[in-house]
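# Fold and contact review
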Amino acid sequence: MSVLAPSHPLGAPAGRLRVAILGCTGSIGTQALDVCRQHADRLEVVALTAHARTAELVAAAREFGVARVGVTDPAHAHDAALADLPEHTTCLIGPDAAVELACAEDVDCVLVAIVGAAGLAASAAVLETDKRLALANKESLVVGGDLLMPRVRPGQLIPVDSEHAAIFQCYQGESAAQAHAIWLTCSGGPFFGRTREDLSRVTPAEALAHPTWNMGAKITIDSATLMNKGLERIEAMHLFGVDMEFIRIVIQRQSKIHSMVEYDDGSVIAHLGASDMRIPIQYAFSYPDRWSTPAPRVDFRTLGSLDFAAPDAETFRCLALAEQAGRTRGTLPCVMNAANEVAVSAFLAGACSFTDIDAIVERCMDAHTVEPVQSLEQLADVDAWARRTAEHMLAAR
């Protein structure tokens, strides 16, 4: 199953779309709330979750008058901010809160904007229902794509990542069987053109300065190492039911072309627009319709130029590691993703260098015996093993 099977989208009632936003305080979650503000006549926010930012969660709950919220980190169960929740609002605590809220009867569409592998259980739970899944958590498919995609019903999953939303739209009205290649665009990050020696001296502050996108810390570091593009390539493989070879990465520095699909006759259909995540978020809510834009429009008369280049997988080793994981499949992408999350956290904390990130990921991948993916429980065990292994390797440096 791929997301391209034609169907009227699930979770599309006649009235306002009732939305649950899992991870409402992160970059995607806050931009989704902005879309909901701009289209309050079409969207109703009924449930919200946050991991630790309870004050921001409470503020959003009060603004939108939601019936239920969830705090997925039990350490924040007794935060003073929670006392300011509206009287009618129920608060769930713990890692299962996101799953419970996502499956509530009064939810039509679930935006999974949780960072990292934690979004997998929620995505799987939504796919067992007739709700629409607006997926902004790429790790769900990188880690569990072999489990999740067979569960997807036609019209149920709408990708939110800007590149995958672009590819999805480039396929609309076309025959997927007549596609020749997917061109997955990449900004190149803040260190485009740097050498391996240059990267060894990079600081967290430099790595967090993305040239075109405003994102959370983890995904911004992944964009700097180009791991994000490697993850997106695996995600595209699952979403569109193609091999890794079918997906080609091209550097597009201005981030105005969000991806392209090339067809057998040589025609290339590209998705262009502003570098603003509110556009793909809104499309996941409005599909198959298009609503008035939530972002400034691009004036192509003043854009100047569009530049293209090939990625440097020798300098940015994460690209090669992700390709290896995607070709191998099984549990290897889970190990790669977990080790990367640990290494990125260590880099942000000043506990390792920028180039240590791909080194730790590679060592964990080499130490793993790959198995076919069988269950969520198995993936949780593999994820835990990879995190422990990465932490031990970092400690032994």
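Scope of this entry: the structure provided in the associated data block. Please read these numbers as outputs of a predicted model, since none were measured by experiment. Note on numbering: residues in each chain are counted from 1, in written sequence order. Local features in this predicted model are restricted to residues of pLDDT 70 or higher, and side-chain atom pairs are both shown and tallied only at a pLDDT of 80 or more, whereas totals for entire chains, interfaces and linings draw on every residue. Based on all heavy atoms of the structure, the side-chain values leave hydrogens and waters out of the count.

### A few points about the overall build of the protein chain
The helix count covers DSSP runs of H or I at least four residues long, the strand count covers runs of E at least two residues long, and both are numbered beginning at the N terminus. Of the regular secondary structure elements, the protein chain holds 15 helices and 12 strands. What you see for the protein chain is a C-alpha radius of gyration of 20 Å, in line with the 21 Å of a compact globule of 397 residues. With the C-alpha coordinates aligned to their principal axes, the bounding extent of the protein chain is approximately 55 × 55 × 45 Å. The buried share among the 397 residues of the protein chain stands at 57%. Within these notes, the globule rule equals 2.2 Å times the number of residues to the 0.38 power, and the radius of gyration is based on C-alpha atoms. Remark: exposure states derive from per-residue accessible area (1.4 Å probe, protein chains only) relative to the maximum for the residue type, with buried under 20%, exposed over 50%, and partly exposed in between.

### Notes on the sheet that holds strand β1 (residues 17-22)
In space, the 7 strands of this open sheet follow the order β4-β3-β2-β1-β5-β6-β7, with parallel pairing throughout. Unpaired on one side and paired on the other, β4 (90-93) and β7 (157-159) mark the two borders of the sheet. Going across the sheet, the axis of each strand differs from the next one's by a mean of 20 degrees, ignoring polarity. Bridging between strand β3 (residues 68-71) and β4 involves 4 bridges; their strand directions are parallel. Among the inter-strand pairings, V69 is bridged to a residue of β4, identified as C91. Two strands qualify as a pair provided DSSP detects at least 2 bridges between them. Helix axes are fitted only over the stretch in contact, all axes being lines through C-alpha atoms; the angle between N-to-C directions runs from 0 to 180 degrees.

### A word on the pattern of salt bridges
For this analysis, a salt bridge means a side-chain nitrogen from Lys or Arg found within 4 Å of a carboxyl oxygen belonging to Asp or Glu. A full pass over the atoms with the stated rule returns 25 salt bridges. A salt bridge links R16 to E44, with the shortest nitrogen-to-oxygen separation between them at 3.8 Å. With R16 in the segment before β1 and E44 in strand β2 (residues 43-50), the pair connects residues that are 28 residues apart, well separated along the chain. Overall, the relative accessible area of 39% leaves R16 in the partly exposed class. A salt bridge links K229 to E163, with the shortest nitrogen-to-oxygen separation between them at 2.9 Å. Taken as a pair, K229 in helix α10 (residues 227-240) and E163 in helix α6 (residues 162-171) lie far apart in primary sequence, 66 residues in all. Residue class for E163 comes out buried when judged on its relative accessible area of 9%.

### Quick word on the packing of aromatic side chains
Two rings from Phe, Tyr or Trp (for Trp, the six-membered ring) form a pair when their centres are within 6.5 Å of each other. A pair whose planes differ by under 30 degrees is stacked, one over 60 is edge-to-face, and the rest are tilted. Summed over the entire model, instances satisfying the criterion amount to 7 aromatic pairs. Ring geometry for F191 versus F354: centroids 5.4 Å apart, planes at 80 degrees, classification edge-to-face. With F191 in the loop between β8 (179-186) and α7 (196-199) and F354 in helix α14 (residues 354-367), the pair connects residues that are 163 residues apart, well separated along the chain. Taken as a pair, F191 and F354 share a single burial class, namely buried. For the ring pair Y283 and Y287, a centre distance of 5.6 Å and an interplane angle of 70 degrees mean the geometry is edge-to-face. The two residues Y283 and Y287 agree in class, both being buried. Counting every residue linked through ring pairs, the aromatic cluster contains F168, Y283 and Y287.

### Comments concerning the layout of surface pockets
The rule is simple: put a 1 Å grid over the protein atoms alone, call a set of points where a 1.4 Å probe fits but cannot get out a cavity, call an open set with protein on both sides within 12 Å along at least five of seven lines a pocket, and count a residue as lining if it has an atom within 4 Å of a point. Grid points are joined across faces, edges and corners, and a volume is the space filled by probe spheres set on the points. Of the voids in this model, the second largest pocket is the one considered here, and its volume is about 470 Å³. In terms of lining residues, the second largest pocket is bounded by 24 residues, among which H271, L272, I279, R290 and T293 are the most central. Of all the secondary-structure elements, those providing two or more residues to the lining of the second largest pocket are α6, β11 (268-272) and α11 (278-286). Of the residues forming the lining of the second largest pocket, the biggest block, 5 residues, is contributed by α11. Ten residues, namely Ala, Val, Leu, Ile, Met, Phe, Trp, Tyr, Cys and Pro, are considered nonpolar, four, namely Asp, Glu, Lys and Arg, are considered charged, and the remaining ones, Gly among them, are considered polar. Its residues placed into classes, the lining of the second largest pocket shows 12 nonpolar, 9 polar and 3 charged.

### Concerning a nonpolar patch on the surface
Judged by side-chain polarity, L272, F300, L306 and F308 come together as a nonpolar surface patch covering roughly 360 Å² of accessible area. With respect to the helices, strands and loops of the structure, L272 is situated in strand β11. A patch consists of residues exposed above 30% relative accessible area that lack any salt bridge, with like charges linked at up to 9 Å and nonpolar side chains (Val, Leu, Ile, Met, Phe, Trp, Tyr) linked at up to 5 Å. Areas reported here follow the Shrake-Rupley algorithm with a probe of radius 1.4 Å; residue values treat only the protein chains shown as occluding.

### Focus: the packing of helix α12 (residues 317-328) against α14
Packing of α12 against α14 leaves a shortest axis separation of 9 Å and a crossing angle of 25 degrees. Put simply, α12 runs roughly parallel to α14. The hand of the α12/α14 crossing is left-handed. On the side of α12, the interface is formed by R317, C318, L321, Q324 and A325, while α14 contributes D358, V361, E362 and M365. Of the residues in the contact of α12 with α14, the class split is 5 nonpolar, 1 polar and 3 charged. Relative orientations are named as follows: roughly parallel for angles under 35 degrees, roughly antiparallel for angles over 145 degrees, roughly perpendicular for angles from 65 to 115 degrees, and oblique for any other angle. Each crossing gets its handedness from the near helix: less than a right angle anticlockwise from the far helix is left-handed, clockwise is right-handed. When checking whether two residues touch, look at their non-hydrogen atoms; a contact exists if any pair is within 4.5 Å.

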